[in-house]
Protein chains: 2
Amino acid sequence: MHTAYAELTRHYLRLYRYDHLASIVGWDRNAMMPPKGNEARAAAEAELQALIHRGRTDPRLAELIAAAEAEPLDDVERANLREIRRNWQQANALPEALVEARSLAGARCEHAWRSQRPANDWQGFLENFREVVRLSREEARLLSGHTGLSPYDALMDRFEPGMRAAEIERIFGEVRSWLPGLIARVGEKQRAEPVIAPVGPFPVAAQRALSVAVMRMLGFDFDGGRLDESAHPFSGGVPEDVRLTTRYHEDDFTRALLGTIHETGHARYEQNLPRAWCGQPLGLARSYGIHESQSLSFEMQLARSRGFVGLLAPLLREHFGDQPAFDADNLYRLFTRVKPGYIRIAADEVTYPAHVILRFEIERALIEGEIEAEDIPALWDEKMQALLGLDTRGNYADGCLQDVHWTDGAFGYFPSYTLGAMYAAQWFATLRRVQPDVDGRIAQGDFAPVFGWLNDNIWSQASRWETPELVRRASGEALNPAHFRAHLEARYLGGD
Amino acid sequence: MHTAYAELTRHYLRLYRYDHLASIVGWDRNAMMPPKGNEARAAAEAELQALIHRGRTDPRLAELIAAAEAEPLDDVERANLREIRRNWQQANALPEALVEARSLAGARCEHAWRSQRPANDWQGFLENFREVVRLSREEARLLSGHTGLSPYDALMDRFEPGMRAAEIERIFGEVRSWLPGLIARVGEKQRAEPVIAPVGPFPVAAQRALSVAVMRMLGFDFDGGRLDESAHPFSGGVPEDVRLTTRYHEDDFTRALLGTIHETGHARYEQNLPRAWCGQPLGLARSYGIHESQSLSFEMQLARSRGFVGLLAPLLREHFGDQPAFDADNLYRLFTRVKPGYIRIAADEVTYPAHVILRFEIERALIEGEIEAEDIPALWDEKMQALLGLDTRGNYADGCLQDVHWTDGAFGYFPSYTLGAMYAAQWFATLRRVQPDVDGRIAQGDFAPVFGWLNDNIWSQASRWETPELVRRASGEALNPAHFRAHLEARYLGGD
């Protein structure tokens with residue numbers, strides 16, 4: 001095969017292999033590397049990233065892509081070519097000088113943020129952050145020129161191809177209309193339902209064994225992946241060798257347990273991407289939001305269901321000994337407790353969207369030039385009050401300084417979290433329609449209907465379809481946030 | 001600096017960084033990777049090796065090296081240029097087709113050997129091995145044409161630059177004259193000195209803690225390296241981040257303990273290579289033999305000395321509880337027990353050279369075309385009888401099939417083991433001359449004289465000098481095997 005398409009697939013296969021090396025040494029840096037290895041590793045990783053960048057911007061690619069488009073390709077090859085073109089456009093839309101400046105400014109801002117956040121130092125943060133915003137706007141402007149999208153849409157398209165701010169605004173605007181009321185009603189209901197708190201300590205060795213047992217139960221393939229520990233848990237590695245990490249807290253087993261279940265959702269998506277497409281852009285996971293729909297299908301839809309909690313109870317007793325908190329009804333109340341709080345990553349399923357909506361509204365306005373960086377705290381305070389009824393004035397550490405995302409310019413990422421939650425609710429609504437006994441089977445420890453559906457409709461599809469088409473094929477309709485609302489109302493207000 | 005030399009250093013710095021990636025993913029493959037990661041990893045590593053090979057054979061290098069030689073360089077730069085030239089020559093001496101054929105034949109032979117060895121299947125092995133020998137002879141012939149060395153010398157030069165078979169023959173010939181007699185006399189002496197065997201099991205967790213304690217005592221920097229576990233222990237990683245592995249046997253703690261001490265010797269050499277030269281060929285360890293002189297300085301010279309064994313005794317009691325075998329005098333007898341056996345890697349310090357001499361004599365004759373692959377078993381039997389008085393007829397698994405080296409064509413490597421033992425003896429003879437109280441200080445747990453001398457004379461010198469010059473500067477004389485003989489006689493026959 002000396003066609004342009006064949007040459008492209010060879011080129012992207014080589015890049016896939018370089019990405020493999022980058023993933024593994026990146027995992028190693030976070031999970032294994034001793035501190036003195038850092039400098040040499042940073043240099044080696046930068047060298048590899050430069051190599052990958054040269055590959056993605058190879059001047060021959062434009063011509064090869066154009067030539068391949070004129071070749072007789074089948075549907076799957078055409079989908080791969082679409083993803084190749086997207087990869088190529090992303091890599092070539094920006095001048096290298098801007099990419100470097102953005103990367104440097106982001107690294108500087110993030111590094112300083114690590115000490116500025118604990119010091120509650122918003123003014124110090126602003127000094128670096130203004131430059132990040134300036135360069136991100138410049139990036140958005142250039143991407144916008146290439147794509148015809150609005151500046152914010154152009155940034156978001158990197159994470160959620162095809163998704164637009166107008167659509168998000170419509171969806172989030174609707175959520176805004178019922179969410180504060182729902183939170184209030186749930187709070188009222190739960191006040192009458194006391195929860196017995198588990199009593200620690202929960203030894204790390206026992207938590208580790210529990211994590212492995214639950215991951216096995218959830219179908220994680222330990223012959224094709226590992227579970228290790230790191231300061232900031234993540235899901236890394238490559239589809240053929242997925243590397244999860246977690247972090248154990250001896251006073252609270254629920255963080256590592258639910259975190260591991262969440263990462264296992266990401267992991268099973270990766271482990272079940274079709275092997276035949278591995279090595280090509282076609283074979284990669286669809287988007288950040290679809291990825292998050294898998295982790296939240298596991299953590300929220302499956303693991304916090306009554307049936308699953310019933311299976312967890314004896315496992316907890318087995319690993320930690322018995323205690324009153326491990327009664328299944330109590331555990332269910334514990335895992336579904338709702339409480340407005342300052343911190344996004346500690347938020348429950350019901351209040352989480354409020355954190356995302358707030359960030360989306362602020363970052364969109366910031367990138368579109370409607371506000372400036374110094375306007376953020378006042379907007380933050382106002383929106384936290386409106387959405388969650390919390391006073392955050394002067395508390396930057398637990399307010400607008402809490403996330404790493406903005407420090408290095410990942411504007412357009414936040415919506416993916418709530419899109420993921422909505423997709424997950426839509427998957428399970430579909431699943432209950434096509435498999436009415438699915439909850440009964442879950443309660444019996446039979447997850448075949450769940451995994452079978454996810455595999456057929458999401459995992460095995462990789463990047464075969466653009467997101468709206470994937471969603472329609474899987475659930476018979478476009479993204480419909482009514483499923484998310486119905487799920488929250490059923491679980492938190494209904495008899496579920 | 002737009003000089004040719006400066007451009008060369010940039011080029012080799014990039015290769016150093018690629019090698020860093022290769023080392024870390026190689027360590028991961030052996031110590032961490034789950035089985036299903038193997039195929040994708042092999043492809044990614046092959047892609048990286050191809051990249052490194054393209055870098056080492058870049059057509060511009062010949063001209064740059066020639067131009068740099070005419071530039072005004074200082075002594076250190078000139079040493080670096082010498083090492084660059086050596087690296088370049090090694091990479092460019094062989095046509096790519098031969099390198100690939102050798103690598104494929106070696107991989108095939110090694111893979112089959114893994115099951116042929118336990119099956120004692122010499123005839124099956126021969127089928128693949130003949131091709132490895134044929135290609136290695138071709139490789140030796142081409143290298144010989146480039147360098148003017150004899151074929152075997154040309155292969156050995158890859159591992160021990162500057163060392164020649166004639167020199168090895170002189171040295172090993174002399175050892176052959178006294179070794180069998182020494183082994184016999186030691187055996188007689190030790191028959192009168194019974195040893196109490198340690199009684200297990202020795203739990204893995206306790207062995208792990210002991211290994212870490214001993215590594216710390218020996219100055220291993222855990223901020224710049226790790227200890228993990230793998231089926232085949234090795235020392236990997238990079239100078240800035242050294243990765244050791246070991247393997248614990250619950251019935252015998254001595255294997256992991258002494259193995260870890262051995263690897264710690266390799267590790268400290270790497271960890272103390274001068275940082276200013278890191279990234280250039282100049283900054284790499286001198287040779288395999290010099291590397292082995294560090295591991296054997298730790299394992300044989302230091303760790304099996306009476307003084308050090310006296311320090312180990314309380315550590316063993318601390319980690320395993322007390323038992324009669326942990327008496328210091330008994331431990332010393334245990335660690336210096338001599339017993340001729342079939343297996344090289346299980347051999348004691350006294351019989352080990354016999355295994356190496358036998359292999360050297362056979363592989364030299366094989367490469368020079370004096371014998372053929374099918375002649376090996378008869379020669380093996382004859383030499384094992386002469387050197388160690390053992391009958392190996394028909395026992396290929398514990399005879400000529402026991403080593404991995406020949407399976408993938410690493411001819412010329414074996415002499416490095418005994419050269420390392422001889423260098424180590426020469427270092428300690430010098431050390432005792434310049435620091436007459438060194439044994440007393442060791443017995444007190446003060447290793448500063450040992451590590452200070454090794455650092456000044458070996459570690460900090462990296463590849464600054466060619467081996468003979470390094471040896472002369474360190475010890476005041478050329479390699480002198482009399483020190484090795486004196487060491488063995490003092491430890492195994494004398495009152496030491």
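How each quantity is defined
Residues numbered from 1 in each chain as written. Chains lettered and ligands numbered in written order. Predicted model: local features only at pLDDT ≥ 70, side-chain atom pairs only at ≥ 80, totals over all residues. Heavy atoms only, no water. Pairing = 2+ DSSP bridges. Helix = DSSP H or I, 4+ residues; strand = E, 2+ residues; numbered from the N terminus. Axes fitted to C-alpha atoms, helices over the stretch in contact; angles between N-to-C directions. Contact = heavy atoms within 4.5 Å. Salt bridge = Lys/Arg side-chain N within 4 Å of Asp/Glu carboxyl O. Least-squares fit on C-alpha atoms with pLDDT ≥ 70 in both. Buried area = accessible area lost by both parts, 1.4 Å probe. Domains from an automatic or database assignment. Polar contact = N/O pair within 3.5 Å; in protein donor to acceptor, adjacent residues only side chain to side chain. Nonpolar A, V, L, I, M, F, W, Y, C, P; charged D, E, K, R; others polar.

1. A few points about the sheet that holds strand 2 (residues 235-238) of chain A
Residues and elements named next belong to chain A. Reading across the sheet, the three strands line up as 1-3-2 and stay open at both edges, with mixed pairing between neighbours. Either end of the sheet is taken by a strand with one partner, and the two such strands are strand 1 (225-229) and strand 2. Going from strand to strand, the sheet's axes swing by 20° on average, the running direction of each strand aside. Bridge count between strand 1 and strand 3 (residues 241-246): five bridges; the pairing is parallel.

2. Topic: the sheet that holds strand 3 (residues 241-246) of chain B
Residue and element names in this part refer to chain B. Taking strand neighbours across the sheet as the criterion, the three strands line up as 1-3-2 in an open arrangement whose pairing is mixed. Looking at strand neighbours, the two that pair on one side only are strand 1 (225-229) and strand 2 (235-238), the edges of this open sheet. Adjacent strand axes in the sheet meet at a mean angle of 20°, parallel and antiparallel pairs treated alike. In the packing of helix 1 (residues 4-31) onto the sheet, contacts are made with strand 1, strand 2 and strand 3, and the angle to strand 3 comes to roughly 20°.

3. Observations regarding the pattern of salt bridges
As a working rule, side chains carrying opposite charge can pair if their charged atoms are close by. A full pass over the atoms with the stated rule returns 87 salt bridges over all chains. Residues A:R85 and A:E69 are paired through a salt bridge, measuring 2.4 Å at the closest nitrogen-oxygen approach. Taken as a pair, A:R85 in helix 4 (residues 75-92) and A:E69 in helix 3 (residues 60-69) lie far apart in primary sequence, 16 residues in all. With its nearest N and O atoms 3.6 Å apart, the salt bridge here joins A:E167 to A:R170. On the criterion of helical spacing, the pair formed by A:E167 and A:R170 is a turn pair, its members being three residues apart in helix 8 (residues 165-191). Salt bridges here are not isolated pairs; linked through shared partners, they connect A:D28, A:R41, B:D241 and B:R243.

4. Comments concerning the relation of the copies chain A and chain B
Mapping chain A onto chain B is achieved by rotating through 180° and translating by 0.0 Å along the same axis, at an RMSD of 0.0 Å. The relationship between the two copies is best expressed as a two-fold rotation axis. A share of 100% of the interface residues of chain A reappears at the interface of chain B, consistent with the copies meeting face to face through the same patch.

5. Observations regarding the interface of chain A and chain B
A common way to report how large an interface is uses the accessible area buried once the components associate. Residue-level contacts link 32 residues of chain A with 32 residues of chain B. Taking both sides of the interface into account, the surface hidden between chain A and chain B amounts to around 2,900 Å²; carbon and sulfur atoms contribute 61%. Where chain A touches chain B, the interface holds ten salt bridges. For B:D241, the salt bridge identified is with A:R41, shortest N-O distance 3.5 Å.

6. Regarding the domain arrangement of chain A
Residues and elements named next belong to chain A. Domain boundaries in chain A define domain 1 (1-92) and domain 2 (160-496). For domain 1 versus domain 2, the separation of C-alpha centres amounts to 29 Å. Domain 1 puts 19 residues into the contact, and the matching count from domain 2 is 25 residues. Interface area, domain 1 with domain 2, both sides summed: about 1,800 Å², of which 60% is carbon and sulfur. Its largest share of buried area at the contact with domain 2, domain 1 owes to Y16, W27 and R82, together 34% of the area lost on that side. Seen at the junction of domain 1 and domain 2, the total is one salt bridge. E83 is paired through a salt bridge with R286; the nearest N and O atoms lie 3.2 Å apart. Taken together, the connections running from domain 1 to domain 2 amount to seven residue pairs in polar contact (both at pLDDT 80 or more). Only helix 1 (4-31) and helix 4 provide two or more residues apiece to the side of domain 1 that touches domain 2. Of all the elements, helix 1 adds the most residues to the side of domain 1 that touches domain 2, at ten residues. Its residues placed into classes, the side of domain 1 that touches domain 2 shows ten nonpolar, five polar and four charged.

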